[in-house]
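# Examination of the molecular architecture
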Amino acid sequence: ERHGVTAYQKEQAFASLLKLLDGFPLALEIVLANLAHQTPAQVLAALQAGETTLQVGTSEKRTENILRCVDYSYRNLSPAAQQLLLCLAPFTSVIWRDMLDSYAEQLKKQPALADLPFEQWQQVVEESEKWGLLTPDADLPFFLHIQPILPYFLRQRLATQEEAQRLALETAFYAHYEALSGSLSSWFNSKEAQERQVGLLIVRYEYENVLHALRFAVNADLSFLSLYDLLDDYLNSQQAYQRGQELDTWLLGKLEKAEQSALTDTQQQTWARVLVNVGNRFLRLKQYKEAVECYEKILSLLDRATLVEERQRHLWQASTYHQLGRVAQEQREWEEAKRYYEEALQIKIECNGRYEQGSTYHQLGRVAQEQGEWEQAEECLLEALQIFIEYSDTRSGGIAMRSLARLWQTTKSESLIEKLAALLQIPLQETEQLLLPPDSSPEQSGEADS
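From a predicted model like this one, the values you see are computed outputs, not experimental measurements. (Residues numbered from 1 in each chain as written. Predicted model: local features only at pLDDT ≥ 70, side-chain atom pairs only at ≥ 80, totals over all residues. Heavy atoms only, no water.)

The next subject is the overall build of the protein chain. If you tally the helices and strands in the protein chain, you get 22 helices and 3 strands. Across the 450 residues of the protein chain, 49% fall into the buried class. Once local pairs closer than 6 in sequence are excluded, the contacts in the protein chain between residues at least 24 apart make up 64%. Summed over all atoms, the accessible surface of the protein chain reaches about 22500 Å², with 49% contributed by carbon and sulfur. (Helix = DSSP H or I, 4+ residues; strand = E, 2+ residues; numbered from the N terminus. Buried < 20%, exposed > 50% of the residue type's maximum accessible area, 1.4 Å probe, protein only. Contact = heavy atoms within 4.5 Å. Areas by Shrake-Rupley, 256 points an atom, 1.4 Å probe, with all protein chains shown as cover.)

What follows covers the pattern of salt bridges. If the charged atoms of two oppositely charged side chains come close together, the side chains can form a pair. By the definition in use, this model includes 15 salt bridges. The partner of Glu 129 in a salt bridge is Arg 97, with the nearest N and O atoms 3.0 Å apart. With a gap of 32 residues between them, Glu 129 in helix H7 (residues 121-130) and Arg 97 in the loop between strand S1 (94-96) and helix H6 (100-108) connect regions that are remote in the sequence. Between Arg 166 and Glu 163 there is a salt bridge, with its nearest N and O atoms 2.4 Å apart. (Salt bridge = Lys/Arg side-chain N within 4 Å of Asp/Glu carboxyl O.)

Overall, the coordinates contain 15 aromatic pairs when judged by the stated rule. Ring centres of Phe 91 and Tyr 103 lie 5.2 Å apart, and the angle between their planes is 85°; on these two criteria the pair is classed as edge-to-face. Here Tyr 103 lies in helix H6 and Phe 91 lies in the loop between helix H5 (79-86) and S1, a separation of 12 residues in the sequence. Overall, the relative accessible area of 2% leaves Phe 91 in the buried class. Ring geometry for Phe 142 against Phe 143: centres 5.3 Å apart, planes inclined by 40°, an arrangement best described as tilted. Residue classification places Phe 142 among the partly exposed positions, given a relative accessible area of 30%. The exposure class of Phe 143 is buried, given its relative accessible area of 0%. Chaining the aromatic ring pairs together yields one cluster made of Phe 91, Tyr 103, Trp 121, Phe 173 and Tyr 177. Positioned above the aromatic ring of Tyr 207 is the side chain of Arg 243, whose terminal nitrogen or guanidinium carbon lies 4.2 Å from the ring centre. (Phe/Tyr/Trp six-rings, centres within 6.5 Å; stacked < 30°, edge-to-face > 60°. Lys NZ or Arg CZ within 6 Å of the ring centre and 35° of its normal.)

Take helix H12 (residues 241-257) next. Under the 1.5 Å per step criterion, the end-to-end length of H12 is 24 Å for 17 residues, consistent within 8% with the ideal 24 Å. Tyr 241, Gly 244, Gln 245, Leu 247, Asp 248, Leu 251, Leu 252 and Leu 255 are the residues of H12 that are buried. Looking down the long axis of H12, one finds its buried residues gathered within 160° of arc, a one-sided arrangement. Exposed and oriented more than 90 degrees from the buried face of H12 are Gln 242, Thr 249 and Lys 257. Next to the buried residues of H12 lie helix H10 (193-219), helix H11 (225-237) and helix H13 (265-284). (Expected span 1.5 Å × (residues − 1). Arc of directions from axis to C-beta.)

Once that is clear, we can look at the sheet that holds strand S2 (residues 134-136). Read from one edge of the open sheet, 3 strands run S1-S3-S2, paired in antiparallel fashion. The strands lining the two open edges of the sheet, one partner per strand, are S1 and S2. The mean angle between the axes of side-by-side strands here comes to 30°, regardless of whether they run parallel or antiparallel. When S2 meets strand S3 (residues 143-146), the two strands line up antiparallel, connected through 3 bridges. Residue pairing across strands places Pro 136 opposite Leu 144, the latter belonging to S3. (Pairing = 2+ DSSP bridges. Axes fitted to C-alpha atoms, helices over the stretch in contact; angles between N-to-C directions.)

This part covers the side chain of Thr 320. Take Thr 320: it is sitting in helix H15 (residues 310-330). Judged by its relative accessible area of 3%, Thr 320 is buried. Setting aside anything within four residues of it in sequence, one finds Thr 320 in contact with Tyr 295, Ile 298 and Leu 299.

Residues Leu 88, Leu 107, Trp 121, Leu 154, Leu 214 and Phe 224 are the most contacted members of the largest nonpolar core, which totals 92 residues. When residues in this core are grouped by element, the largest group, 12 residues, is from H10. Residues within four places of Leu 214 in sequence aside, it is in contact with Phe 224, Leu 227, Tyr 228, Leu 231 and Leu 247. Grouped together as the second largest cluster of nonpolar side chains are 28 residues, Tyr 341, Val 367, Leu 404 and Trp 408 included. (Core = buried A, V, L, I, M, F, W, Y, C linked by side-chain atoms within 4.5 Å.)

The subject of this paragraph is the confidence of the model for the protein chain. When the pLDDT values of the protein chain are averaged, the result is 84; 83% of them are 70 or greater. Low pLDDT (under 50) marks residues 50-59, which in the prediction has 22 contacts with non-local residues, meaning those over four places away or in another chain. (pLDDT = per-residue confidence, 0-100.)

A few words on the environment of Gln 268. Note that Gln 268 resides in helix H13. In the structure, Gln 268 is positioned 33 residues away from Leu 301 in sequence and 5.9 Å away in space, judged by C-alpha atoms.

Moving on to the pairing of S3. Successive residues of a regular strand alternate their side chains across the two faces of the sheet. Strand direction decides the pairing type here: S1 and S3, joined by 3 bridges, are antiparallel. The partner of Ile 95 across the bridge, within S3, is Leu 144. Connecting S2 to the next strand, S3, in antiparallel fashion are 6 residues.

Turning our attention to helix H17 (residues 354-370). Taking 1.5 Å of rise per residue, the 17 residues of H17 would be expected to cover 24 Å, and the 25 Å separating its terminal C-alpha atoms lies within 8% of that figure. Buried residues along H17 sit against H15, helix H16 (334-350), helix H18 (374-390) and helix H19 (394-411). Following H17 by one or two positions, Gly 372 adopts a phi angle in the positive range, close to 75°.

Attention shifts here to the packing of H18 against H19. Contact pair H18 / H19: the axes reach a minimum separation of 9 Å and the direction vectors enclose 155°. The orientation of H18 with respect to H19, classified from their angle, is roughly antiparallel. As for how H18 packs across H19, the hand of that crossing is left-handed. In contact with Trp 374, Ala 377, Glu 378, Leu 381, Leu 382, Leu 385 and Phe 388 of H18, H19 contributes Ser 396, Gly 397, Ala 400, Met 401, Ser 403, Leu 404, Leu 407, Thr 410 and Thr 411. Residues of the contact of H18 with H19, tallied by class, amount to 10 nonpolar, 5 polar and 1 charged. (Parallel < 35°, antiparallel > 145°, perpendicular 65-115°, else oblique. Left-handed = near helix turned anticlockwise from the far one by under 90°. Nonpolar A, V, L, I, M, F, W, Y, C, P; charged D, E, K, R; others polar.)

Moving on to unusual backbone geometry. In this model, Gln 239 sits at a positive phi of 55°, which is unusual for a non-glycine residue. The phi dihedral of Gln 425 is positive, around 60°, even though this residue is not glycine. Tracing the sequence through the fold places Gln 425 in the loop between helix H20 (414-424) and helix H21 (428-435). Residue classification places Gln 425 among the exposed positions, given a relative accessible area of 72%.

Here it is in structure tokens:
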């Protein structure tokens with residue numbers, strides 16, 4: 001309350017600021033004092049940018065105290081260690097110790113940094129731990145927590161260096177996380193539960209660093225899709241849709257400022273992929289108008305992406321029409337949903353996208369069921385299941401089976417039982433058992449069976 005922070009307690013920027021300061025008393029005392037005349041977002045941006053004009057507290061003495069603490073620790077390092085420590089300036093809150101050698105390889109590729117004594121990395125880490133600049137995590141000691149004000153201190157130091165050195169450092173940091181994001185994504189999306197848990201844990205620790213690399217990539221017109229996809233997967237896994245929207249808003253602002261006609265085909269494809277995720281998040285949050293706007297932007301971008309392989313471009317268009325169908329379906333606009341799904345299905349058929357047809361047949365079946373068009377619902381859902389069986393997609397096949405069960409429980413259609421039994425190659429009685437509600441037994445369902 002003394003710093004007037006109560007008004008900001010629900011803001012994501014304020015939460016990020018507290019996370020950055022990590023409860024360090026001197027850092028909290030000085031940095032939070034800025035909230036009397038700046039918003040949390042402004043203070044956070046200044047800390048992340050190493051802005052030298054940030055007013056760190058109202059007392060010059062307090063300012064000198066905290067920076068003197070860090071400077072004292074910094075100056076107690078060897079000159080070589082000081083040089084290498086500057087390379088940690090882009091990191092936000094943690095450093096993955098085991099990945100420092102990989103980071104060094106990217107630094108070596110930058111002419112402005114190639115002569116640094118990278119063979120002394122481990123010595124630098126040990127010295128930094130000794131002086132309290134880096135602290136091993138209590139649970140995962142291969143992650144080193146950075147003394148909260150250290151990145152600000154290092155970025156101030158870096159601001160006095162030549163532009164070429166600063167750019168080289170950010171470029172190496174980006175390249176390191178661009179490469180690392182591939183491995184993290186493979187773990188995060190692994191079929192093995194243990195690998196998924198490891199990926200989830202690492203991304204949780206590395207989130208702010210990946211975000212920093214993403215921001216640099218977008219601002220520098222570099223490839224950023226793998227970084228964005230990793231953060232998007234993580235946020236969705238945590239159901240952190242509001243947090244995801246804050247990232248989406250920033251990215252959409254960058255897209256709005258871009259000269260659309262100047263975008264390369266690769267950039268158009270990248271932004272189309274981003275907009276898919278943005279639109280899907282709007283859909284999850286039932287923000288239908290915004291979702292439709294995103295999907296329409298995708299269609300516009302794909303129309304201009306002339307160098308994209310034609311079949312792939314058409315399948316992306318079909319996927320977008322499918323999502324527009326979902327928007328209409330969730331609003332119970334059945335005819336509009338049906339029109340979008342049929343358009344998507346026609347494109348998928350023309351492109352011979354057999355597997356891709358499955359999800360659209362399924363949704364067409366659900367819409368037909370809502371409209372009481374039982375025969376069409378049965379036909380579409382059975383076709384969807386057939387496709388999922390052909391491609392061994394057990395998860396989607398299970399969803400289709402549940403939809404067929406709901407349809408049969410409404411219609412008690414004998415033809416559905418017969419066709420499904422033929423498709424699954426099992427007896428009629430066993431097929432009927434699959435369609436009964438989970439808590440039903442043959443005795444309980446006798447009346448319905450008649």
